[in-house]
Amino acid sequence: MASPQEARVPDIGGFDDVPVIEVLVSVGESVAKDQSLITLESDKATMEVPAPFAGVVREVKVKVGDTLSEGGVVALIEPAEEAAAQPTPPAAAEEAPRAQPDAGTGERPAAETGTRVEPVAVAAKPDNIAQASIDREPAGATQAAPPRVLDADAVMPDKVPYASPAVRVFARELGVDLLQVTGSARGGRISREDVQQFVKSALAGGAAAGGGAVAGGGGGGLNLLPWPKVDFSKFGEVEEQPLTRIQKISGANLARNWAMIPHVTQHDDADITGLEALRVELNRENERGADKGAVKLTMLAFIMKAAVSALQKYPQFNASLDASGETLILKKYVHIGFAADTPNGLVVPVVRDCDRKGVMQIAQETSALAKKAREGKLGPADMSGGCFSISSLGGIGGTSFTPIVNAPEVAILGVSKSAMKPVWNGEKFKPRLVLPLSLSYDHRVIDGAAAARFTAYFAQLLGDMRRAML
Ligand code: COA
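Residues numbered from 1 in each chain as written. Predicted model: local features only at pLDDT ≥ 70, side-chain atom pairs only at ≥ 80, totals over all residues. Heavy atoms only, no water.

S.K.: Please provide a residue-by-residue account of the packing of aromatic side chains, values included.
M.R.: This model, assessed by the stated rule, comprises 7 aromatic pairs. For the ring pair Tyr 314 and Phe 317, a centre distance of 6.3 Å and an interplane angle of 75° mean the geometry is edge-to-face. Neither residue differs from the other here; Tyr 314 and Phe 317 are each classed as buried. Note on Tyr 314 and Tyr 457: the rings are 6.0 Å apart at their centroids and 70° apart in plane angle, and the pair reads as edge-to-face. Placement of the pair is Tyr 314 in the loop between helix H8 (299-313) and strand S11 (319-321) and Tyr 457 in helix H10 (residues 448-463), with a sequence separation of 143 residues. Residue classification places Tyr 314 among the buried positions, given a relative accessible area of 15%. Using a relative accessible area of 13% as the deciding quantity, one classes Tyr 457 as buried. Every member of this aromatic cluster is reached through a ring pair, and the members are Tyr 314, Phe 317, Phe 388, Phe 454, Tyr 457 and Phe 458. One cation-aromatic arrangement involves Lys 313 over Tyr 457; the distance from NZ or CZ to the ring centre is 5.1 Å. (Phe/Tyr/Trp six-rings, centres within 6.5 Å; stacked < 30°, edge-to-face > 60°. Buried < 20%, exposed > 50% of the residue type's maximum accessible area, 1.4 Å probe, protein only. Helix = DSSP H or I, 4+ residues; strand = E, 2+ residues; numbered from the N terminus. Lys NZ or Arg CZ within 6 Å of the ring centre and 35° of its normal.)

What follows is the structure, encoded as structure tokens:
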């Protein structure tokens, strides 16, 4: 019986003492020719050392954290013919102690062990793909295939998860988004087993621990139970009503925003007694004026004008996170969206350049956009480019609510129904018209103190719009 033969590190482009970051096989495991045995990772590149021939791994000579240079022994592999005659039960083999690595000597082994080993180079930095080298052929070994170069860049997402190239390729083959997988290996590295576990969980209807879903599958990256399937007709008469196109689109956006943005809602009250009196007075004047009935000055228009001042004073509210989530993009323009209820569902038309428009013009434009929305005539341009949104339910009712941030915006103001309330002025209670404000914000960008300041300032502005001139 031929003894197991050594699989050694081939020419790896002159690197010495390269750390082993992953051992991809275990004792007793059958390996195919060219199957990766270990992953080495230098500063410049990540390389996989493949099996020089098919067989059974009889001994793994290295462990994660060891270092290897060219010629270092990775494993002892019994070539397939011998292995077939003398299979080693993996369980027994697992018990064999792992030898310490023959690491870093860089010396060539004796000729009789000669194996042809070609590293699979997966460039962590594409300028440095290690070259394959050719050692001697083992007795009975077949000609090795040309080196397999895996294009890691092609499978690396923008934000690179900590995983070896082999695992990245494996994940891609299975359609797994590695950003959704939690690594259990040292330092949080994602192993092949983590990906397998993730897929198993996803197929079972849930998601892997700490993970999410297979790309394109359900779960949306969350650890969610499957949606309950209930035959409601068992309990009484039912009728099916398909969601409208707008409901489907806005629903998907709302679900994503709700799930991905850490929301906090800050509540405050604005004393709009004076502002409402002014609004009523101005509308009365308009009624009497030459352009009688031309525009109805709405509370929403004043709120949008106040938003301009608040956004200018607190610019981090007029911002968006970029796709990487690591850079804040501050906007120098002020386009404000407002939620509009339509028969077909919720839409958010945008009034552009509110900083350059008066309340009257804003009222005119919101009214025109709301009409267009109800008629289902809004185009994409009417709904894009918003910096901040306002959702006013004041005409309907309610005392407060928690609006969902309209990504990629970072905050949205919910406005509820104003009501007369007794307000203590330091000496006595006075009846005041109080408008409830509910500011939901993305806590990744805005901290609680900033949100409280912003909302308090907003309330002050509505309490006295002269502040907007300051
Ligand atoms: N408190 C008390 N009353 C209010 C109010 C408030 N905050 N805001 C408006 N009103 C009153 C107005 O005074 C008006 O009363 P009137 O008819 O006696 O004059 C009435 O409500 C309607 O107000 P109007 O100004 O015409 O409209 P609006 O500005 O309230 O709303 C839209 C315009 C487009 C925002 C509204 O039609 C809409 O679609 N709202 C729903 C938004 C929504 O669905 N948000 C939820 C998103 S999740």
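Having seen the model, we can carry on.
S.K.: Kindly report on the site of the ligand, identifying the contributing residues and their values.
M.R.: Neighbouring the ligand are 21 residues; Asp 341, Ser 391, Gly 395, Ser 416 and Ser 418 lie closest to it. Within the backbone of Asp 341, a nitrogen or oxygen atom sits 2.7 Å from an oxygen atom of the ligand. Take Gly 394: an N or O atom from its main chain is 3.3 Å from a nitrogen atom of the ligand. When the free accessible area of the ligand is taken as 950 Å², the share hidden by the protein chains comes to 66%. Counting residues per element, the ones that place at least two in the shell around the ligand are strand S14 (340-342), helix H9 (359-374) and strand S17 (388-392). A breakdown of the residues in the shell around the ligand according to their chemical character gives 9 nonpolar, 7 polar and 5 charged. (Near = heavy atom within 4 Å. Polar contact = N/O pair within 3.5 Å; in protein donor to acceptor, adjacent residues only side chain to side chain. Areas by Shrake-Rupley, 256 points an atom, 1.4 Å probe, with all protein chains shown as cover. Nonpolar A, V, L, I, M, F, W, Y, C, P; charged D, E, K, R; others polar.)

S.K.: Break down H10 for me, citing the residues and quoting the values.
M.R.: Helix length check: H10, at 16 residues, gives a terminal C-alpha distance of 22 Å against a target of 22 Å (1.5 Å per residue), a fit within 8%. Within the span of H10, buried status applies to Ala 450, Ala 451, Phe 454, Thr 455, Tyr 457, Phe 458, Ala 459, Leu 461 and Leu 462. Along its buried surface, H10 packs onto strand S10 (263-271), helix H7 (273-288), H8, S17, strand S18 (411-415) and strand S20 (429-442). (Expected span 1.5 Å × (residues − 1). Contact = heavy atoms within 4.5 Å.)

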